[in-house]
Amino acid sequence: MAADRTGKRRSLATNSLFSVLAWIFPILLGFFSTPILVRYLGHEQYGLFAIVLGFISYSFTFGIGKVAGKYVPEYRAAGQSEKVTQVVAATFWLSLTFGVLGSLLLALLAPVIVESLLLIPQESQQAAITALRVAGAIGLASMLSQVFQFVLQGVHRFDNYVTLTNLNGLLLGGGNIVLAINGFGVTSLLIWNLGVVSATGLLFYLRARHLLPSISFVTEIPRSMMTTVARYAGNILLYQVFANALFIFERSWVMRKFGAEGLTYYFVPMLLATYMHGFIASLVQAIFPVVNEIIEDRERITEIYRRANKIILAIVVFVVTNFIVCGALFLELWVSSELATKSYPLLIPHGLTFAVICIGIMAFQLSEVFKFPALNVIMTGSWMALAIPLMIIGAEFWQSEGVAWARFAAALVTFPIIVYTERRFLGQVEWRFWLAVTSRVLFAAAVMAVIQTFILRTMDGTYASLIIAGLTGAAAFAGVLAATGFLTPQDRETVKRSLFRRSGIEPGAIQE
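Residues numbered from 1 in each chain as written. Predicted model: local features only at pLDDT ≥ 70, side-chain atom pairs only at ≥ 80, totals over all residues. Heavy atoms only, no water.

1. Let's talk about the packing of aromatic side chains
- Evaluation of the coordinates by the stated rule reveals twelve aromatic pairs.
- Between Phe 92 and Phe 217, the aromatic rings sit 4.1 Å apart at their centres with planes inclined by 20°, giving stacked as the arrangement. Taken together, the residues Phe 92 in helix H3 (residues 81–117) and Phe 217 in the loop between helix H6 (186–211) and helix H7 (223–285) connect sequence positions 125 residues apart.
- Accessibility expressed as a relative area gives 12% for Phe 92, which makes it buried.
- Classification of Phe 217 by relative accessible area gives partly exposed; the value is 24%. (Phe/Tyr/Trp six-rings, centres within 6.5 Å; stacked < 30°, edge-to-face > 60°. Helix = DSSP H or I, 4+ residues; strand = E, 2+ residues; numbered from the N terminus. Buried < 20%, exposed > 50% of the residue type's maximum accessible area, 1.4 Å probe, protein only.)

2. Points about the side chain of Glu 250
- With respect to the element layout, Glu 250 can be found in helix H7.
- Here Glu 250 falls in the buried class, since its relative accessible area comes to 0%.
- Within the structure, Glu 250 has its side chain in polar contact with the side chain of Tyr 266 (distance 2.4 Å).
- The contacts of Glu 250, once residues within four sequence positions are left out, are Tyr 266, Met 270, Met 391, Val 403 and Arg 407. (Polar contact = N/O pair within 3.5 Å; in protein donor to acceptor, adjacent residues only side chain to side chain. Contact = heavy atoms within 4.5 Å.)

3. Comments concerning helix H12 (residues 374–411)
- Taking 1.5 Å of rise per residue, the 38 residues of H12 would be expected to cover 56 Å, yet its terminal C-alpha atoms sit only 17 Å apart, more than 12% below that figure.
- At Trp 398, H12 shows its maximal kink, close to 150°. (Expected span 1.5 Å × (residues − 1). Bend = angle between axes of the 7 residues up to and from the residue.)

4. Some thoughts on the pattern of salt bridges
- This structure, assessed with the given rule, holds four salt bridges.
- With a shortest N-O distance of 2.9 Å, Arg 306 and Glu 430 are connected by a salt bridge. Here the residue Arg 306 occupies a position in helix H9 (residues 298–334), and Glu 430 occupies one in the loop between helix H13 (414–426) and helix H14 (431–458), the gap between them amounting to 124 residues.
- Its relative accessible area of 26% is what places Arg 306 among the partly exposed residues.
- A salt bridge links Lys 342 to Glu 338, with the shortest nitrogen-to-oxygen separation between them at 3.9 Å. Remark: Glu 338 and Lys 342 occur in helix H10 (residues 337–359); sequence separation between them is four residues, near one turn of the helix. (Salt bridge = Lys/Arg side-chain N within 4 Å of Asp/Glu carboxyl O.)

5. Quick word on the packing of H9 against H13
- Contact geometry for H9 and H13: axes closest at 11 Å, N-to-C directions at 155°. Considering the angle they form, H9 stands roughly antiparallel to H13. Contact residues: H9 offers Arg 298, Ile 301, Thr 302 and Tyr 305, while H13 offers Ile 418, Glu 422, Phe 425 and Leu 426.
- The residue makeup of the contact of H9 with H13, split by class, is five nonpolar, one polar and two charged. (Axes fitted to C-alpha atoms, helices over the stretch in contact; angles between N-to-C directions. Parallel < 35°, antiparallel > 145°, perpendicular 65-115°, else oblique. Nonpolar A, V, L, I, M, F, W, Y, C, P; charged D, E, K, R; others polar.)

6. Points about helix H5 (residues 158–181)
- Its 24 residues place the ends of H5 34 Å apart at the C-alpha level, agreeing with the 34 Å of an ideal helix rising 1.5 Å per residue.
- Counted residue by residue, H5 has 17 buried out of 24 residues, so it is predominantly covered.
- Phi for Gly 183, located one or two positions after H5, is positive at around 90°.

7. Re unusual backbone geometry
- The phi torsion at Gln 399 lies on the positive side, around 60°, for a residue other than glycine.
- With respect to the secondary-structure elements, Gln 399 resides in helix H12.

And the structure:
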């Protein structure tokens, strides 16, 4: 595409690194800002802030922009520049339509949500209603921004993506801290969030327009293109609706049963688990446009799938083991001993839940690559259908821990979906692969857990002992994996070939 000013196109390995960097900086800010916000807002106000942020993240940012991430690289690889323009325009207008409808719906239902669903005390209801209405506007701005974020990913400009994402994270985190320290409340923080998301969304658009000058919102969109976008986006909307319904019920049920303070104790450990999920998602994010370009080469797709899952499994087992062994001390040092006492029992089920979801990410992407996102609708619908009744029962018998374990039980449906996905799109279920890598990783985790437990029991509960246990455990984990042949010479060669080779380009080269 001669008109596209995409510049140098980097390898998948480089783009994966950029994608991870886009995750790391905001997360580091989150680690720094969370205890500050909890301290200055208080447990109840932070609980309200958390649930409103959840509405922004889940309820009205439907992810329609991913349609651009799917079709921009596919059409560019086929040399269909006109379709690139059409698919971006169609995705934008569809996102705008659903964003406006979602924001208006949230604004209208805010009083009902606050009074009847969340059971917020009367003296705090007006502030909560205002906060939800501001959240709707943030959701609309986020949806439009996502379109151009996925355009940048689709043209393999993860360097631009990471720069703007980190700018967004810096402004959000820094502004929230300054406002909270100076006595501003939840509504003020959300208004700041709205301004930042809108401004960085404009920057995403300007950069995408620079790289793809053909972007136009007034271009004629054929009915066939609109049908293609609507069908693909429709499935994304459906599985987002199911995930959102589960999110809304989960947070609302915890809020109703245990109050805003109880929601804080529930949300903070979940935040750590979602950080793990965010890291894995960022790590494999760059794979999506590449696999769309090589959709006919099933052998290479299978290679990438196996190697990505090997890395994912090692990371999630390592992180969850650290949650189990070191989590209580970390929560105590990070926030407070009170929060550690009440939140650590929730950290384990949250960690296991999102570990299962992480293991299913590559299967999730495969179904979208091969234009069968309906499978993801089935998966998220199953999560919702199973989790909600289990949460109701669990809360009655085991309090908030019962709610968390109910979500984990529902997430286990991910495994049969993985089996089906592999059989349908890769031609066979990867039983031998999973058995080989899982046995090695679990053995490495067991060795690490023993070493870390010994260190923490023999040292005082300080950051120094936590760091020593973490570093020693990580070294033991990596050493056992190396000793058991987790990454073979053939794996390393395949990684180089899979990640760097494009149309005859040798490993290490950068395509123009």
